[in-house]
Amino acid sequence: MKVNQLSVFLENQPGALSAPCRLLAEAGINIQTFALADTQQFGILRLIVPEWQKAKELLEKNGFVVRVTEVVALEVPDRPGGLLALLEVIEQARVNVEYVYAFTAKQDNQGLMLFRFDNPDAAIRALQANQINIVGTVGLFKRMGT
Amino acid sequence: MIKHHEPGPFHPASAMDFLPPEQLRDIQFNRLKDMVQWAYDNVGLFRKRMMGLTLTPADLKSLDDIVKLPFTVKTDLRDAYPFGLFASSMREIVRFHASSGTTGKPIVVAYTQEDVNDWARAMVRSFAACGVHAGDIIQNAYGYGLFTGGLGAHYGAEAIGASVIPISGGNTDRQIMVMKDFGVTAICCTPSYFLHLIERAAELGVDLKELPLRTGVLGAEPWTESMRQRIETESGIKAYDIYGLSEIVGPGVAMECLHQTGPHIFEDMFYPEIIDPQTGQPLPDGSEGELVLTTLCKRAMPMIRYRTRDITSLAADWCPCGRTLRRICRISRRSDDMLIIRGVNLYPSQIEAALLKVEGTLPHYQIIVDREKGLDTLEVQVEVTPEVFSDTVGGMERLQARLTHSIMSITGLHADVRLVAPRTLQRSEGKAKRVLDKRQM
């Protein structure tokens, strides 16, 4: 149900972002999507990759601090109000959204977004009860064509 | 404005500064005997150590016999927290102060009413030595509270009959406004803070040379002759070095006279020695070594042969002021790792205790000290570990806030906590270089 996302701590300096990208590129690991949260001093790089365990080991071996977080991939109808309907379900269930980012790929007029919830299980229950499609890992990478 | 730097009227308390040497030594020896008896009778740790050396107070037959007595060190005060070294009962103690310990707990010191009066008298002698007198308007910018600087200077300033502004530290713009509007003639603060005041005043279009301010009683941190030159040239004041430490009494252990030849120790109250820090052997006047001090009057918390960790030498040669009190030469360094930041003592081990309290384990860290526009800055870089890494920015910011708060509560200092990537801080074989002090004195 849930997707494993890697977060990597980066100092806010030139070359900080390319370093992990270089490592993954040289190992032939493709980044499906990513987000970069920034503060003045540091950033948190969030990555979705097909072989997350391999990627985590690789990054840690090279001195990076990596955390694995479970996020939920949701289909979002690509029309006005599409996201709103989904958010209303979440709010009703009193679940908080910590952060969100999107995949660029689209399929059948559905966008694909990744949600980090403070209570993923409660979110999933509420979403399923409202017939919102949760995309698991297998479905995810089928879409990506990997 | 022409500023006059004069001795001012002679204060009776200063009479003790000019005693003939033999008379001074007599007084010191009699007081030392009393003090050792008092500590022996009332301080368990001291009596235990004396018995361990098979010594009694009667074995003190001359001042030179002081070298037979055991030393007191900082860890004794730490281990005795809070009241283990007190000789007086709580009913007789009228004041507490505290200063930085090497761990999470502070060093606690105490005073009877007589101790408070003696301290005020030492401060009166300090002010008198540099020409401050009744009629002066004194701005006391040393921190008031547990720190000995604020109240120490305050009681002395009132006792000499000056008009005291208890402004304490901080709020520089207000300090300058008060200095100008109240017609302040003398200021008490740290030398680096005074430099900061000069810079800020210039930004505000205030020229300190045009104000009646003529005297600075500056201390609580080491400072160089070139800093003094800069202070005096840019403000027109005469800046005098005051020395003290909470374990002994606070400010007023030693003070420069008008001739600025190094602080005269009020050695009828605080007996000085210089020792070799490695061997503990006494060294003659003029040799550089660790300053050791013995309180000759204090009741609540007597200190016998306290190792200050300050490296200096004693000058016994004649000073133009005529005082027969030996002078401390400029303190060049310490024999431990203590830092002084904005006048506050800081041990790297306190930072370690603060980090450990938040994270449960000790991450790699580095302390970076610098000085901007006269003000000391403190940055603590902390490597992020997998245990504390959160996937949300809020989580990391909360970590940063907890670390900052922990450092503040243990040290009393605000530190900029900077989270850094792992393996970016210097490692070394053996003891890593934890402190980078970039301040150019």
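Residues numbered from 1 in each chain as written. Chains lettered and ligands numbered in written order. Predicted model: local features only at pLDDT ≥ 70, side-chain atom pairs only at ≥ 80, totals over all residues.

Considering the overall build of chain A
The helix and strand tally for chain A stands at five helices and seven strands. Its helices and strands taken in sequence order, chain A reads β-α-β-β-α-β-α-β-β-α-β-α from the N to the C terminus. What you see for chain A is a C-alpha radius of gyration of 16 Å, in line with the 15 Å of a compact globule of 146 residues. The C-alpha extent of chain A, read off along each of the three principal axes, is 45 × 35 × 25 Å. (Helix = DSSP H or I, 4+ residues; strand = E, 2+ residues; numbered from the N terminus. Rg over C-alpha atoms; globule rule 2.2 N^0.38 Å.)

Some details on the interface of chain A and chain B
Counting residues at the interface gives 15 residues for chain A, matched by 14 residues for chain B. Put simply, the parts of the chain that give the side of chain A that touches chain B at least two residues each are strand S1 (3–11), strand S3 (42–48), strand S4 (66–77) and strand S5 (97–102) of chain A. For the side of chain A that touches chain B, the element with the highest residue contribution is S1(A), accounting for four residues. (Contact = placed C-beta atoms within 7 Å.)

Digging into the packing of helix H7 (residues 191–203) of chain B against helix H8 (residues 225–235) of chain B
Residue and element names in this part refer to chain B. Two elements in contact, H7 and H8, have axes separated by 10 Å at closest approach and are oriented at 35 degrees. As H7 packs across H8, the resulting crossing turns out to be left-handed. On the side of H7, the interface is formed by Pro191, Phe194, Leu195 and Ile198, while H8 contributes Met227, Ile231, Glu234 and Ser235. Its residues assigned to classes, the contact of H7 with H8 comprises six nonpolar, one polar and one charged. (Axes fitted to C-alpha atoms, helices over the stretch in contact; angles between N-to-C directions. Left-handed = near helix turned anticlockwise from the far one by under 90°. Nonpolar A, V, L, I, M, F, W, Y, C, P; charged D, E, K, R; others polar.)

Description of the domain arrangement of chain A
Many descriptions give the size of an interface as the accessible area lost when the pieces come together. Residue and element names in this part refer to chain A. Parsing chain A into structural domains produces domain 1 (3–69) and domain 2 (71–144). If you average the C-alpha positions of domain 1 and of domain 2, the two centres end up 23 Å apart. Listed as interface residues are 10 residues of domain 1 and, on the opposing side, 11 residues of domain 2. Of all the elements in the fold, those that place two or more residues in the side of domain 1 that touches domain 2 are S1, strand S2 (33–38) and S3. Residue contributions to the side of domain 1 that touches domain 2 peak at three residues, all from S2. Its residues placed into classes, the side of domain 1 that touches domain 2 shows five nonpolar, four polar and one charged. (Domains from an automatic or database assignment.)

Quick notes on the pairing of strand S21 (residues 416–420) of chain B
Residues and elements named next belong to chain B. Note that strand S20 (residues 375–383) and S21 share five bridges and pair parallel. By the bridge assignment, valine 380 is partnered in S21 with valine 417. The parallel pair S20 and S21, bridged by helix H10 (residues 393–411), forms a crossover whose chirality is right-handed. (Pairing = 2+ DSSP bridges. Right-handed = clockwise from strand over helix to strand, strands pointing away.)

Considering the confidence of the model for chain B
Looking at chain B as a whole, its pLDDT mean stands at 94, while 99% of the residues score no less than 70. Listed scores for the predicted complex are pTM 0.85 and ipTM 0.87. (pLDDT = per-residue confidence, 0-100.)

Points about the sheet that holds strand S19 (residues 365–372) of chain B
Residue and element names in this part refer to chain B. Ordered in space as S21-S20-S19-S22, the four strands form an open sheet in which the pairing is mixed. Either end of the sheet is taken by a strand with one partner, and the two such strands are S21 and strand S22 (435–437). With strand direction ignored, the average angle separating the axes of adjacent strands in the sheet is 20 degrees. By the bridge criterion, eight bridges tie S19 to S20 in an arrangement that is antiparallel. By the bridge assignment, isoleucine 367 is partnered in S20 with valine 380.

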